[in-house]
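What the coordinates show
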Amino acid sequence: PHTPRFFVEGDTALIGAVVQNNTSRPLDVKVSLQAQGVSPADDAPVRMSIPAKSQALVNWKVTADIGAERADLVFKAEGGGLLDASQPPGGTLEGGGIPIYRYRVRETVGTSGQLDERGTNIESIILPGGISDPQGNLQIQISHSLAAGMTEGLRYLEAYPYGCIEQTISSFLPNVLTTRALKAAGLSDPKLEAKLKEQVNKSLQRLHNLQNPDGGWGWWPGADQKSDALTTAYAILGLLEAREAGYPVSEDLLSRGVSYLRTQIKFIRRLEEPAVLNRQAFLLDVMARYGKPNVSATVRLFEQRQNAAIYARAFLVDALYRIDPDDPRIGTLLSDFNNQAIVSASGTHWEETEPDPTNWNTDTRTTTIVLDALSLVESANPLTSNAVRWLMSNRTDGRWQGTQETAWTLMALTNWMEASGELEADYQYGVALNGEQLGSGTADRETLFETIELEVGAVDMLPDQANRLAIARDDGPGSLYYSSFLDISLPVDQVRSLDQGIAVSRSYYPYRRGTDLAQVEAVSEAKQGDLLLGRLTLVAPHDLHYVVIEDPLPAGLEAVDQTLQTSPQNPQLTPGFGLQDLYTQGWGWWYFDHTQLRDEKVVLSASYLSAGTYVYTYLARAGTAGEFNVIPPTAQEFYFPDVYGRGEGTQFTVNP
């Protein structure tokens, strides 16, 4: 069979099969296609005569069905008393078949909250205007405890689609802490523990294989990735927590990592940059957790605490407490937290005077790290419960922004839950939308881990006015946590490009060696076998940190991996500063330190991009004939997803 590697809704393409007559006589053959997820223009069987020891090609024009998730195809040929069939990989097996992507863009808005006592909260939800066909739904989650309310965040980290070292740690670290806390409370779940054991062991093996010779780890795996102090410290933190939870962790792996970390401790000058102080605080805290603190460096850092961020001072609290729980410096730092707390109706949080993106930090992450430190040294402080309330009220889709916010929040909530004894609940509640009850229930020790999920389709909501969502509970111990988010899928042809701190666009050009892109026009069609240059243009009005760019491909095109020396027909574009290479590889290509060529898209990442314009090009080959919808390219900061850009959706045709 000859088929696309994937479809986008509405795509049309030629799919076909070669029928080989291996007999010594001519055959009259009937060839048919059975399809689910795509609709053939003509599904009648094709009849043909095939000479002995010969073959013939038969094609069908198909269109990807709207709403279908996958396409299952079965080709059958029968004649002369013989029968054969072929099916593209996967078939009817779960997760098999050819994936179909929707030609829509997802937009999500949401809110969350907490009820600690008898009362009712009202949330207003308004559908987007000007869209003729907003597909989607309103999803409501009701959690009986923090343990249940953290489920979506844990699931988000497990399924995050990138494989950097930081993500490897974040995928298991919060789960390890949560499982340990529940086990200590006598609420262990054997099935969850078995699943987690497999996940952690796989991640530990990956860290072992990807450790650099100097003992550190880089942001992305690979021989060309230099060790990074921040990534290494985070990896060691994950290894320590895994060991504490009883998982086998190689001491050699840890000691080599700590040895590298020790070389990254800097002598603190009088007017050191805040980012340096902040990173050093984390490194020193991790070394203290390992049991090999650098006491003198920790004390010197305390003396310059006024130049450090709030979250760095929280790391200092943790480090000093592990060195000496009675150290009077801890009280001084706790006073700083009290003085700088921002108290509002939604709870308590902390905000930095200067952002620190180089150290993955956000104000939410700062709040979680302060909460974590307070849970360790002063869990009865009233700031802790109010910080929990603020964190649970500032979720999107049941989680927080990016892997670092989500991971640190889950760890802090777990430690607070363990320290405060929050695992008791006894109350009743109800949920209604526009006056109609959606659900109700009872929260108690038996249902502590339950998360009630309710859903209302967008078609059942009021289109031109606010929809009122009411959550109510009665008296009793425990807290009720809720989140509601409107997940809408909008047609690409009804939305425009979006610039929320990043602008991104894409074009295709015919490729010829030495092509000057300034002298040729962008194209929207090609012939099968043609080579094309895909060109991504990224405009950053401000400095960006840890950026990920996704460029979905037309289903009829396939990105050419130039690192594979498999075809003499593939031109090799050698990065460099020559004029020709700048036209082919793009100005600023050297900033992108990790590239993934997937079936359905090209993914780029860069740890830092200064303000400016960047052009990146790659080779693609036209493989399958058809008319293809091309999903818009996107760009966002990995740890700050609200810094986001989206390009235009387009169409691309591959002619036979």
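Presented here is a report on the structure given in the accompanying data block. Every value quoted in this text rests on a predicted model; they were computed, and no experiment measured them.

A closer look at the sheet that holds strand β2 (residues 12-21)
- Spatial strand order, β4-β6-β2-β29-β32-β22: six strands in an open sheet with mixed pairing. Each edge of the open sheet is held by one strand with a lone partner, namely β4 (38-40) and β22 (525-527). Recorded for the sheet is a direction-independent mean angle of 35° between the axes of neighbouring strands.
- Sheet topology note: the β4/strand β6 (residues 54-64) ladder contains three bridges and is antiparallel. By the bridge assignment, Ser 39 is partnered in β6 with Thr 63.

A look at unusual backbone geometry
- Phi is positive for Lys 53, which is not a glycine, with a value near 55°.
- Counting through the fold element by element, Lys 53 comes out in the loop between β5 (46-50) and β6.
- Under the relative-accessibility criterion, Lys 53 is labelled exposed at 58%.

So, the sheet that holds strand β12 (residues 135-143)
- Strand order in the open sheet formed by four strands is β10-β19-β12-β17, and the pairing between neighbours is antiparallel. Both outer strands of the open sheet, β10 (104-115) and β17 (451-457), are each paired with one neighbouring strand and no more. Adjacent strand axes in the sheet meet at a mean angle of 15° when their direction is disregarded.
- Relative to strand β19 (residues 480-491), β10 runs antiparallel, the two sharing 12 bridges. Paired with Thr 111 across the bridge in β19 is Ser 484.
- Strands β10 and β19 of the sheet are contacted by helix α13 (residues 382-393), whose axis makes an angle of about 155° with β10.

Description of the packing of aromatic side chains
- Taken as a whole, this structure holds 13 aromatic pairs when the rule is applied.
- Measuring from ring centre to ring centre gives 6.0 Å for Phe 282 and Trp 408, while their planes differ by 75°; the resulting arrangement is edge-to-face. One end of the pair, Phe 282, is in helix α8 (residues 274-290); the other, Trp 408, is in helix α14 (residues 402-420), and 126 residues separate them in sequence.
- Following the ring pairs from residue to residue traces out a cluster consisting of Trp 219, Trp 220, Tyr 234, Phe 282, Tyr 311, Phe 315, Trp 360, Trp 408 and Tyr 546.
- Against the face of Phe 302 rests Arg 329, its NZ or CZ located 5.8 Å from the ring centre.

What to know about the packing of helix α12 (residues 363-377) against α13
- Relative to each other, α12 and α13 sit at 150°, their axes nearing to 10 Å. Between α12 and α13 lies a crossing of left-handed hand. Within the contact between the two elements, α12 uses Thr 364, Thr 367, Thr 368, Leu 371 and Leu 374 and α13 uses Leu 383, Thr 384, Ala 387, Val 388, Trp 390 and Leu 391.

Thoughts on the pattern of salt bridges
- Per the counting criterion, the structure on display carries 13 salt bridges.
- Note that Arg 243 is salt-bridged to Glu 251, the shortest N-O span being 2.9 Å.
- Using a relative accessible area of 34% as the deciding quantity, one classes Arg 243 as partly exposed.
- Each of the salt bridges in this network shares a partner with another, and the network as a whole consists of Glu 241, Asp 285, Arg 289, Asp 318 and Arg 322.

Rules and cut-offs
Residues numbered from 1 in each chain as written. Predicted model: local features only at pLDDT ≥ 70, side-chain atom pairs only at ≥ 80, totals over all residues. Heavy atoms only, no water. Pairing = 2+ DSSP bridges. Helix = DSSP H or I, 4+ residues; strand = E, 2+ residues; numbered from the N terminus. Axes fitted to C-alpha atoms, helices over the stretch in contact; angles between N-to-C directions. Buried < 20%, exposed > 50% of the residue type's maximum accessible area, 1.4 Å probe, protein only. Contact = heavy atoms within 4.5 Å. Phe/Tyr/Trp six-rings, centres within 6.5 Å; stacked < 30°, edge-to-face > 60°. Lys NZ or Arg CZ within 6 Å of the ring centre and 35° of its normal. Left-handed = near helix turned anticlockwise from the far one by under 90°. Salt bridge = Lys/Arg side-chain N within 4 Å of Asp/Glu carboxyl O.

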